[in-house]
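# Report on the structure
Listed here are the chains, written in short residue letters.
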Amino acid sequence: MMASSKLECTERWTFNFNTNMQALHTTSTSDLALSCQSVSKRYVRNSPFEKVNVSALEDISFEVNRGELFGIIGPDGAGKTTLFRILTTLLLADSGVVRVEGFDVVTDFRAIRNEVGYMPGRFSLYQDLTVEENLNVFAKVFNTSIEENYHLIEAIYKQLEPFKKRRAGKLSGGMKQKLALCCALIHKPRVLFLDEPTTGVDPVSRKEFWEMLKRLKAQQITILVSTPYMDEASLCDRIALLLQGRILKIDTPQNIVSQYPHELWSVSSDEMSKLLTDLRNIPAIRSGYSFGESHHITFKNKEWSMDALRAELEKLGHSSIVIKKIEASIEDCFMDLSPESKG
Amino acid sequence: MKQFLVFIRKEYYHISRDTWTMVILLLLPIVMLVLFGFMMSTEVKNTKFAIYDPSRDVATQGITNKLAMSTYFSFSGYLDSPDQIEKVFRSGDIGLVVVFGERMYESMMHTGDAQLQLVADGSDPNTASTLTMYATSMIVQYQQELTGDLKIPYRITPEVKFLYNPTLKGSYNFVPGVMGMILMLICAMMTSVSIAREKELGTMEVLLVSPMRPVQIILSKVVPYFFISVINLATILLVSVFVLGMPINGSLCLLIFLSLLFIFVSLALGLLISSAVDKQMVALLVSALVLILPVMMLSGMMFPIENMPAVLRWLSELIPAKWYMIAIKKIMIQGLGFSSVIKEVAVLSAMALLLITASIKRFKYRLE
């Protein structure tokens, strides 16, 4: 008799423990706006001559916290758009699990479509409708009205207001993106997906656009943004560096920069293109990349000094040589992390 | 419901702001109807004819007068020699030449064996045979008038009567065909192109990531084009009745019911096409190839189905426009009631059901 009641007791205890664990688990996941676990995607392209099997994404895993501004940084063809389409339920991944606001992208895709805002990379509004009509259509599609969530878009829409009777196709690139952002925001989404929102937009508008994103972040909207511009990476809370369908690193921009393992030098001279080949031919130099006005280089060991390099370059016929030690940027980190530099 | 209405308004903006679409949608039916109704008809009217007449007697004069008086022919002039026959055909405006034999009247009265020759331009066989048919019947008529009193026994003259279309008006055949073609063209092509446009411009991507359901997206595309088709139906009927002189012998309600059913079939076909293509150009080409050509060739509008090889005859059974044409001919021209078009209604309904189910099933709610 005694033994049996004791057993019952332990059973109940275990049961309680389990429910506690479950509760714990749900609270921990509820801080996540999005989780992506080992997602892979291959494209099979059937050309008349050969069957091409292209890997677009390989084993992508990352998590985005609620209210975070998360950047996916990578060059063209890295797989950013494919990834965004999988996250927004438009494409099915070959393997892996994606949850947005706790909903699975495969089974609960309808629930996700109610909750998120998506702005595709290509301008995807109705060009023959005016600014106001576009906004109205998208508001109604999401069962809301412009008035209801006007506070969200007010700051952006005020800039568009003078052109509200103009057709969307006749707007400038920056204006188009602002309108597209308004349309993606009008239903107060919990997660906002912006696929290359600043591509093809002038620098001033780009800056404005990022300021808007910061303001939206203050409204507790989780934002995932992809961009090929490395200078925009530092504006995100955390970034994932994406190259050829693989994530190289996920961290805050500050951490990524501070973890740069080498001393970095910038070199410039009169003949920049010859300089790059010359630099790359010097055996002591580990890497050399062109960064517009100067070349960024790292040495294989620290024995080489600035003066030795200057002497070497003067021997090769360069003049007005400037060599400076500099801090690494995200782009330097990206170059360093890419498999090319390791191979 | 609000989603739906705003979408219909959006579609209205798309159509009304694209001038060319608007022009095509509203003018194409009228232009086509007039083109087919007037220019492509095989009716003969005021065809010029010339006479080579070596006899110049009462008989030849009588026949010439009879031809010249009719509405089908108008007299152009006498030829001086048989060599001129080819020359006048080459000049192009003569459709028929009548060549009389020597001493027509005499040989007719005495030997009973007078000869004349009808020469027509065989490069257009349809017109040529119609012309010779008309001319022959008039000559036979003249002969009867002439010999009527003599009561020649054992002569059988068949009198051909074309029921429902006694004057053989071409529009009786073409108008139903053009109606079928235009409705199919507008409904199917326009819906498929407008959905393909959403895909091509990337707006479909945004619509998919929204609470809108595929059925809503589809229906909101269908409704505006349904209304345009109804307007077209009205203009087509008005033009065919008041300009082309088509009768509506049967019930107008039944005619409209059948047309609406056919419009629905066409819209469903357009949706099916749009579920398979991603580009506007492809949608346009597929519509043209899959819809217009078969409708023109296999619906019985241009070529009689009865004369086709068996394979094509079976294929024509699958063409919705064929069934629609049969049914509206029965209603408009023969003036028959519902009971005689039950088969056509059943076939069209089955097609509508099949197509709409297939297109909703096939609608992709993801990108691939």
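In this text, all values refer to a predicted model and were calculated from it rather than measured experimentally. (Residues numbered from 1 in each chain as written. Chains lettered and ligands numbered in written order. Predicted model: local features only at pLDDT ≥ 70, side-chain atom pairs only at ≥ 80, totals over all residues. Heavy atoms only, no water.)

## Section: the overall build of chain B
Defined as follows: Runs of E in the DSSP output that reach at least two residues are strands. Runs of H or I that reach at least four are helices, and both are numbered from the N terminus. Burial classification: accessible surface area is computed with a 1.4 Å probe over protein chains only, and a residue below 20% of its type maximum counts as buried, one above 50% as exposed, and the rest as partly exposed. The contact criterion used throughout is that any non-hydrogen atoms of two residues lie within 4.5 Å. Per-residue and other accessible areas follow the Shrake-Rupley method at a 1.4 Å probe size, with only the shown protein chains counted as cover for residues. The charge count treats Lys and Arg as positive and Asp and Glu as negative. His and the chain ends do not count. Taken as the charge centre is NZ of Lys, CZ of Arg, CG of Asp or CD of Glu, depending on the residue.
Counting its secondary structure elements, chain B contains 14 helices and four strands. For chain B, the spread of C-alpha atoms along the principal axes amounts to about 95 × 45 × 40 Å. Each of the 368 residues in chain B was classed as buried or not, and the buried ones make up 47%. Restricting the contact set of chain B to residue pairs at least 6 apart, pairs at least 24 apart contribute 77%. For chain B, the exposed surface amounts to about 18,700 Å²; the carbon and sulfur share of it is 65%. Across chain B, 29 positive and 25 negative side-chain charges occur, with their mean positions spaced 16 Å apart.

## Notes on the side chain of R238(A)
What counts is decided by this rule: The definition of a polar contact used here is a pair of N or O atoms within 3.5 Å, where within protein one atom must be able to donate a hydrogen and the other to accept one, and adjacent residues in sequence count solely through side-chain atom pairs.
With respect to the helices, strands and loops of the structure, R238(A) is situated in strand β9 (residues 238–243). Of the polar contacts made by the side chain of R238(A), one reaches the backbone oxygen of E63(A); its length is 2.6 Å.

## What to know about the confidence of the model for chain B
Detailed reading of predicted coordinates is not advised where the pLDDT is low. The criterion, for reference: The predictor attaches a confidence to each residue, and that confidence, scored 0 to 100, is pLDDT.
Looking at chain B as a whole, its pLDDT mean stands at 83, while 91% of the residues score no less than 70. Quick note on the complex model: pTM equals 0.77, ipTM equals 0.80.

## With respect to helix α7 (residues 203–218) of chain A
All names here are of chain A. Quick note on the threshold: By definition here, a helix of n residues has an expected span of 1.5 Å times n minus one. This arc corresponds to the set of directions leading from the helix axis out to the C-beta atoms.
A rise of 1.5 Å per residue sets the reference length of α7, with its 16 residues, at 22 Å; its end C-alpha atoms lie 23 Å apart and thus fit the reference within 8%. Listing the buried residues of α7 in full gives S205, R206, F209, W210, M212, L213 and L216. Relative to the axis of α7, the buried residues are bounded by an arc of 155 degrees and lie together on one face. α7 presents P203, V204, K207 and A218 as exposed residues on the side facing more than 90 degrees away from its buried surface. Buried residues in α7 make contact with β3 (69–73), β6 (116–119), α5 (150–160), α6 (173–185), β7 (191–195) and β8 (222–227). In the segment just after α7, Q220 is the residue with positive phi, at about 70 degrees.

## Concerning the domain arrangement of chain A
Note the following rule: Where each domain begins and ends follows an automated or database-derived domain assignment.
The domain boundaries assigned to chain A delineate domain 1 (32–255) and domain 2 (261–327). Domain 1 of chain A and domain 2 of chain A are separated by 39 Å when their C-alpha centres are compared.

## A few points about the nonpolar core
Test applied: Within this scheme, the nonpolar core is defined by two criteria: the residues are buried Ala, Val, Leu, Ile, Met, Phe, Trp, Tyr or Cys, and they are joined through side-chain atoms within 4.5 Å.
Grouped together as the largest cluster of nonpolar side chains are 166 residues, with contacts concentrated most on F62(A), L181(A), F193(A) and L224(A). Not counting chain neighbours up to four residues away, the residues in contact with F62(A) comprise L34(A), S35(A), C36(A), F70(A), I72(A), L83(A), L87(A), L224(A), I247(A) and I250(A). Core analysis: the next-biggest nonpolar cluster, separate from the first, contains 17 residues, A59(B), L96(B), M104(B) and Y134(B) among them.

## Describing the interface of chain B and chain A
Threshold: Put simply, buried area is how much 1.4 Å-probe accessible surface two parts lose in total, over both of them, once they are put together. Any Lys or Arg side-chain nitrogen found within 4 Å of a carboxyl oxygen on Asp or Glu counts as a salt bridge. Think of it as three bins: nonpolar holds Ala, Val, Leu, Ile, Met, Phe, Trp, Tyr, Cys and Pro, charged holds Asp, Glu, Lys and Arg, and polar takes everything else, Gly as well.
At the junction of the two partners, chain B supplies 29 residues and chain A supplies 34 residues. Here chain B and chain A share an interface that buries about 3,000 Å² over both sides, 58% of which is from carbon and sulfur atoms. Of all residues in chain B, R17(B), V209(B) and R366(B) bury the most surface against chain A, accounting for 25% of the area lost on that side. For the pair chain B and chain A, the interface holds two salt bridges. Here R85(A) ties to E205(B) by a salt bridge, and the two come within 3.1 Å at their closest N and O atoms. For the pair chain B and chain A, the interface holds 16 residue pairs in polar contact (both at pLDDT 80 or more). Here the element with the most residues in the side of chain B that touches chain A is helix α1 (residues 2–17) of chain B; it accounts for nine residues. Per-class residue counts for the side of chain B that touches chain A are 13 nonpolar, five polar and eleven charged.

## Looking at the packing of helix α10 (residues 252–276) of chain B against helix α14 (residues 342–362) of chain B
Residue and element names in this part refer to chain B. Spelled out, the test is: Orientation is described by lines fitted to C-alpha atoms, with helices fitted over the stretch in contact, and by angles between N-to-C directions that extend from 0 to 180 degrees. Orientation categories follow fixed angle ranges, with anything under 35 degrees roughly parallel, anything over 145 roughly antiparallel, 65 to 115 roughly perpendicular, and all other angles oblique. Left-handed describes a crossing whose near helix is turned anticlockwise from the far helix by less than a right angle; the clockwise case is right-handed.
Where α10 contacts α14, the two axes come as close as 8 Å, and the packing angle between them is 30 degrees. Considered as vectors, α10 and α14 are oriented roughly parallel to each other. Of the two elements, α10 crosses α14, and the hand of that crossing is left-handed. Contacts between α10 and α14 involve F257, L258, L261, F262, F264, V265, A268, L269, L271, L272, S275 and A276 from the first element and V345, L348, S349, M351, A352, L355, I356, A358, S359 and R362 from the second. Of the residues that constitute the contact of α10 with α14, the class distribution is 18 nonpolar, three polar and one charged.

## Some remarks on the sheet that holds strand β2 (residues 51–65) of chain A
Residue and element names in this part refer to chain A. What counts is decided by this rule: Following DSSP output, two strands are said to pair if at least two bridges run between them.
Overall, antiparallel pairing links the four strands, which are arranged β2-β1-β4-β5 in an open sheet. A strand with exactly one partner marks an edge of an open sheet, and here the two such strands are β2 and β5 (103–104). On top of the sheet, helix α2 (residues 80–87) reaches β1 (32–46), β2 and β4 (95–100); it is set at about 60 degrees to β2, its chief contact.

## Looking at the pairing of strand β3 (residues 96–100) of chain B
All names here are of chain B. Among the five residues that make up β3, five are buried, leaving the element largely enclosed by the rest of the structure. Side chains L96, V98 and F100 of β3 all project onto a buried face; the interleaved residues V97 and V99 project onto the opposite face, where all are buried too. Pairing analysis gives four bridges linking strand β1 (residues 47–52) to β3, with the strands arranged parallel. Each bridged residue has a counterpart across the sheet, and for F49 the counterpart in β3 is L96.

## Some remarks on the domain arrangement of chain B
Accessible area lost upon the coming together of the parts serves often as the stated size of an interface. Per the domain assignment, the segments making up chain B are domain 1 (2–40 + 169–362) and domain 2 (47–150). Here the C-alpha centre of domain 2 of chain B lies 47 Å away from the C-alpha centre of domain 1 of chain B.

## Examining the pattern of salt bridges
Residues and elements named next belong to chain B. The full count for this structure, using the stated rule, is 25 salt bridges over all chains. The salt bridge partner of D93 is K48, with a shortest N-O separation of 3.9 Å. Here D93 is found in the loop between α4 (84–91) and β3, whereas its partner K48 is found in strand β1, with 45 residues between them in sequence. For D93, a relative accessible area of 45% corresponds to the partly exposed category. The class for K48 is partly exposed, based on a relative accessible area of 37%. Among the salt bridges present, the one from K330 reaches E344, with a minimum N-O distance of 3.3 Å. Of this pair, K330 sits in helix α13 (residues 320–334) while E344 sits in helix α14; the two residues are 14 residues apart in sequence, bridging distant segments of the chain. In this structure E344 comes out as buried when scored by relative accessible area, which is 4%.

## Re the packing of aromatic side chains
Filter applied, for reference: Here is the rule: rings of Phe, Tyr and Trp (six-membered ring for Trp) pair when centre to centre is within 6.5 Å. Planes less than 30 degrees apart are stacked, more than 60 are edge-to-face, and the remainder are tilted. A positively charged side chain is recorded as over a ring if its NZ (Lys) or CZ (Arg) lies within 6 Å of the ring centre. The angle to the ring normal must also be within 35 degrees.
If you walk through the whole model with that rule in mind, you get twelve aromatic pairs over all chains. With a centroid separation of 6.1 Å and 85 degrees between ring planes, the pair formed by Y150(A) and Y157(A) is classed as edge-to-face. Note on Y157(A): relative accessible area 3%, which makes it buried. Put simply, the rings of F49(B), F73(B), F75(B) and Y78(B) touch in pairs and so form one group of aromatic residues. For the cation-ring pair, R366(B) lies above F109(A), with the distance from its terminal atom to the ring centre recorded as 4.6 Å.

## Examining the environment of F4(B)
Residue and element names in this part refer to chain B. Within the element layout of this structure, F4 appears in helix α1. By relative accessible area, F4 is classed as buried at 16%. Through-space distance from the C-alpha of F4 to that of K48 is 61 Å; in sequence the pair is 44 residues apart. Excluding residues within four positions of it along the chain, F4 makes contact with Q216, L219, S220 and V223.

## Observations regarding the packing of helix α4 (residues 131–141) of chain A against α6(A)
All names here are of chain A. Close contact between α4 and α6 brings their axes to 8 Å; oriented N to C, the two are set at 25 degrees. Taken together, the axes of α4 and α6 are roughly parallel relative to one another. In the crossing of α4 with α6, the sense of the turn from one axis to the other is right-handed. Counting all contacts with α4, which are made through V131, N134, L135 and F138, the residues of α6 involved are L179, C182 and C183.

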